[in-house]
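Results of the structural survey
Listed below, chain by chain, are the residues.
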Amino acid sequence: MAAAETVDSFALGGSNLTATATITIRLFALTKNTNPILTINITPDTSFGSAQAWFGATSVERVEVEIADAGNSAGYIEISRLCIGRRHEMAYNPKYGAALGYTDRSKSSRAESGDMRTEHQGGSRTLAIDFDVLEQPDAEFMLGLIMRNKSLPLFVSLFPDAAGWKRAAHSFFAALSDGAKLGYPMIGMWSTGLVLEEMW
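Summary of the structure given here.

Observations regarding the overall build of the chain
When helices and strands are counted, the chain shows two helices and 14 strands. Across the 200 residues in the chain, those meeting the buried criterion constitute 32%. Intrachain contacts of the chain at a sequence separation of at least 6 include 68% that bridge at least 24 residues. Across the chain, 17 positive and 22 negative side-chain charges occur, with their mean positions spaced 1 Å apart.

Considerations on the packing of aromatic side chains
Summed over the entire model, instances satisfying the criterion amount to two aromatic pairs. Pairing Tyr184 with Trp190 gives two aromatic rings, centres 5.0 Å apart and planes at 55°, and the pair type is tilted. Sitting over the face of the ring of Phe28, Arg62 holds its NZ or CZ atom 3.7 Å from the ring centroid. Over the aromatic face of Phe159 sits the side chain of Lys166, whose NZ or CZ is 4.5 Å from the ring centroid.

Comments concerning the sheet that holds strand S4 (residues 51-60)
The three strands lie next to each other as S4-S1-S6, forming an open sheet whose pairing is antiparallel. For this open sheet the edge positions go to S4 and strand S6 (79-85), each flanked by a neighbour on one side alone. Looking at each pair of strands side by side, their axes are set apart by 20° on average, direction ignored. In the sheet, strand S1 (residues 5-15) pairs with S6 via six bridges, with the strands oriented antiparallel. Residue pairing in the sheet places Ser9 in a bridge with Gly85 of S6.

Some points on the layout of surface pockets
The space that makes up the largest pocket amounts to roughly 1,200 Å³. In terms of lining residues, the largest pocket is bounded by 38 residues, among which His88, Phe155, Val156, Ser157 and Pro160 are the most central. Ranked by residues supplied to the lining of the largest pocket, first place goes to strand S11 (residues 154-157) with four residues. Residues that form the lining of the largest pocket fall into these classes: 26 nonpolar, seven polar and five charged. Here the second largest pocket is characterised by a volume of approximately 210 Å³. Around the second largest pocket, the lining is made up of 13 residues, and of these Gly14, Phe48, Arg125, Glu198 and Trp200 lie nearest the centre.

Some remarks on empty space enclosed by the protein
Counting across every chain of the model gives one cavity of 30 Å³ or more. Lining the largest cavity, in full, are Leu145, Arg148, Asn149, Lys150, Leu152, Leu154, Ala174, Ala175, Leu176 and Leu196. Among the elements that make up the lining of the largest cavity, the one with the highest residue count is strand S12 (residues 171-176) (three residues). Residue classes in the lining of the largest cavity are distributed as seven nonpolar, one polar and two charged.

Observations concerning the environment of Asn72
Position of Asn72 relative to the elements: it lies in the loop between strand S5 (62-68) and S6. For Asn72, a relative accessible area of 10% gives the class buried. Separated by 51 residues in the primary sequence, Asn72 and Ala21 place their C-alpha atoms 8.1 Å from one another. If sequence neighbours within four positions are ignored, Asn72 has contacts with Asn16, Leu17 and Thr18.

Digging into the nonpolar core
Leu127, Ile129, Leu134, Met142, Leu176, Leu194 and Leu196 are the most contacted members of the largest nonpolar core, which totals 17 residues. Grouped together as the second largest cluster of nonpolar side chains are 14 residues, Val7, Phe10, Ile25 and Ile42 included.

Structural notes on the sheet that holds strand S2 (residues 22-28)
Reading across from one edge, S3-S2-S5 is the order of the three strands in this open sheet, with antiparallel pairing throughout. In the strand order of this sheet, the two ends are held by strand S3 (38-42) and S5, each with one partner. Between one strand axis and the next, the sheet turns by 15° as a mean value, whatever way the strands run. As paired elements, S2 and S5 share seven bridges and run antiparallel to each other. Across the sheet, Arg26 pairs through a bridge with Glu64, a residue of S5.

What counts, and where the lines are drawn
- Residues numbered from 1 in each chain as written.
- Predicted model: local features only at pLDDT ≥ 70, side-chain atom pairs only at ≥ 80, totals over all residues.
- Heavy atoms only, no water.
- Helix = DSSP H or I, 4+ residues; strand = E, 2+ residues; numbered from the N terminus.
- Buried < 20%, exposed > 50% of the residue type's maximum accessible area, 1.4 Å probe, protein only.
- Contact = heavy atoms within 4.5 Å.
- Lys, Arg positive; Asp, Glu negative; His and termini not counted.
- Charge placed at Lys NZ, Arg CZ, Asp CG, Glu CD.
- Phe/Tyr/Trp six-rings, centres within 6.5 Å; stacked < 30°, edge-to-face > 60°.
- Lys NZ or Arg CZ within 6 Å of the ring centre and 35° of its normal.
- Pairing = 2+ DSSP bridges.
- Axes fitted to C-alpha atoms, helices over the stretch in contact; angles between N-to-C directions.
- 1 Å grid on protein atoms, 1.4 Å probe; cavity = no way out; pocket = protein on both sides within 12 Å on 5 of 7 lines; lining within 4 Å.
- Points joined across faces, edges and corners; volume = space filled by probe spheres on them.
- Nonpolar A, V, L, I, M, F, W, Y, C, P; charged D, E, K, R; others polar.
- Core = buried A, V, L, I, M, F, W, Y, C linked by side-chain atoms within 4.5 Å.

By themselves, these observations are geometric and do not establish any function.
See below:
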């Protein structure tokens, strides 16, 4: 980091880390400092190879992330993406009925013999969420998401305070699908519906 930035969140997605892996995050107020002002130790959720950490806003110039997984049978550590930065927490939760889905891009065809042949193309999770009530700060944030470059990733966590599979399944680096709109159903309140698609 060239200058101090305020951070309060860490996210890691798409890894081959095992249940015995450890992730240590060290935050330094100044680049030259040798003693961190905050050290955070977490373990990954192996069902989706992800990890998250939420902490108080901290001004830092340097961040170190140490990942250890001596028991990994692959013989190496693979990490798709990790990020550290600021989070946005909505004032009101989304309405009940959030839907977690999966888009399979594999292609199937039949040979002359009638056998089914499938060309595996991978897939990605999707998360559809609706917000019936948005105050102006959240409406401004949502409009920023709608207008932002789709190639820029956004880490989404529907259940950030949960643990295990529930949190991991509903957390991923995502891009916002086209078609999202910001509604104005009542004075001083907005609403929106989003479909987020996993990027990696």
